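Chain and residue survey
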Amino acid sequence: MAGCLVTIADEFRTTPGHSAARAVIAKKPQAMRTIARGFVLPFLTALCVAQPAFGLGYVEERIIFKEPSLPKGDPVKDERYISCYDIYTLRLQNCSLTRQITGIKDPRTSPFNNGGHNHGFDSHPLIHPASGALQFSGTDTDPAPLVVRGQTQNTEVKVTHPLPRVAGKIMVESTLISPPRWFCAARCFTLNSWKDKDTIDVGMRGLVALFAAPSDDFVFKPSLAGDTHPQANYGTERLVDAARIISKVYREKTNRKPRITDMSLPKGGMFDLNNQWFVDKNNGHVSHHTGNDVDFSALDDGGQSINCFLESTRKMKDAFGKTKATFKQCYKNGHYHIRFP
Ligand SMILES: [Zn+2]
Ligand SMILES: [Zn+2]
């Protein structure tokens, strides 16, 4: 109806338990929870176009940090609340919404974007496999699993994105289109639409790389051309410190250096040795997704067996005690796995 202004509102809330994002919400006063976007009347269109503040071609862009979903339990979710409303009365209106996952951020070959998986760029998981589709509180008229299309129906609608277990930067885009005869009033993409682009940066924060200098007490496995996970040397600071302590004691006792094979990927998350985006106990590093686990090769840099890390010796027992390893396992003729959560 003529004489009204509509504003699009958009907000996101967080999955309970995600402390970093919850802090952001806590800082905002209640009244600020919705961010105003505008639609204006036909007779105000000229004014809108004339006003730089109302400019067109505007795309709201955000980066949202999220942890990957764990192998067990509920997926980590990105939940987005979206509505459009009359800028004067604040009454919610019925706009057309499209929200879609568009893919991994380019360049997809960059480990910053693909989470350290140098393979399967077209099949990189964008959503949790248990649900496999964006969930919409309204009626979704688009059968494509990575697209939600529908009306906001004079309410605040919610789009839920259950996040994958694999780290990586996922691009998501929303477009709201005004009802007939309504116009966008502020931060508009076109005269009657509003757009945002989110980068959901799925990954563990704060993992650090461990490199082996010649003077260090350990070596890494040789890096092979075509390695699909070439940056498997990331872990928590605690893991990095612990790996150094254990290596030092081993070297003191044997005069040889143990060889680290795999830790976690740069952003953690699933470590699919099989390059197929799933892991189980036969084919992958099921537990190597949080930067707490390290594998040592069964053979040290001298080609000798590490002998289960001489774990029965007094000095090695002390070293393990000092590092507070919560789990260690020596696989027969295999590697030695240690965890330090
Ligand atoms: Zn992979
Ligand atoms: Zn392992």
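All values derive from a computational prediction rather than experimental measurement. (Residues numbered from 1 in each chain as written. Chains lettered and ligands numbered in written order. Predicted model: local features only at pLDDT ≥ 70, side-chain atom pairs only at ≥ 80, totals over all residues.)

The next thing to look at is the packing of helix H4 (residues 237-254) against helix H5 (residues 314-323). At a minimum axis separation of 9 Å, H4 and H5 run at an interaxial angle of 170°. Here H4 lies roughly antiparallel to H5, going by the angle between them. Only Lys315, Met316, Ala319, Lys322 and Thr323 of H5 make contact with H4, whose side of the interface consists of Ala242, Ile245, Ile246, Val249 and Lys253. Among the residues making up the contact of H4 with H5, the classes are represented as six nonpolar, one polar and three charged. (Axes fitted to C-alpha atoms, helices over the stretch in contact; angles between N-to-C directions. Helix = DSSP H or I, 4+ residues; strand = E, 2+ residues; numbered from the N terminus. Parallel < 35°, antiparallel > 145°, perpendicular 65-115°, else oblique. Contact = placed C-beta atoms within 7 Å. Nonpolar A, V, L, I, M, F, W, Y, C, P; charged D, E, K, R; others polar.)

Atomic detail in the predicted coordinates should be set aside for any region of low pLDDT. Here the protein averages 84 in pLDDT, and 84% of its residues register 70 or above. Long-range and interchain partners of residues 1-53, a stretch whose pLDDT sits below 50, account for 95 contacts in this model, where long-range means more than four residues apart. (pLDDT = per-residue confidence, 0-100.)

On to the pairing of strand S12 (residues 193-202), then. In this sheet, S12 lies alongside strand S4 (residues 59-66) in parallel orientation, the contact comprising eight bridges. Among the inter-strand pairings, Phe65 is bridged to a residue of S12, identified as Asp201. As paired strands, strand S10 (residues 168-177) and S12 are joined by 10 bridges and run antiparallel to one another. The residue of S12 that forms the bridge with Met171 is Thr199. (Pairing = 2+ DSSP bridges.)

Our focus in this paragraph is H4. Taking 1.5 Å as the rise per residue, H4 with 18 residues should run 26 Å; its terminal C-alpha atoms sit 26 Å apart, in good agreement. All buried positions along H4 are accounted for by Leu239, Val240, Ala242, Ala243, Ile246, Ser247, Val249 and Tyr250. Those residues of H4 that are buried are in contact with strand S13 (208-209), strand S15 (234-235), strand S16 (259-260), strand S17 (293-296) and H5. (Expected span 1.5 Å × (residues − 1). Buried ≥ 20, exposed ≤ 12 C-beta atoms within 10 Å, placed from the backbone.)

Time to look at the sheet that holds strand S6 (residues 96-104). With mixed pairing, the five strands of this open sheet are ordered in space as S4-S12-S10-S6-S8. Looking at which strands have only one partner, the edges of the open sheet turn out to be S4 and strand S8 (147-151). Taken over all neighbouring pairs, the strand axes of this sheet differ in orientation by 15° on average, direction set aside.

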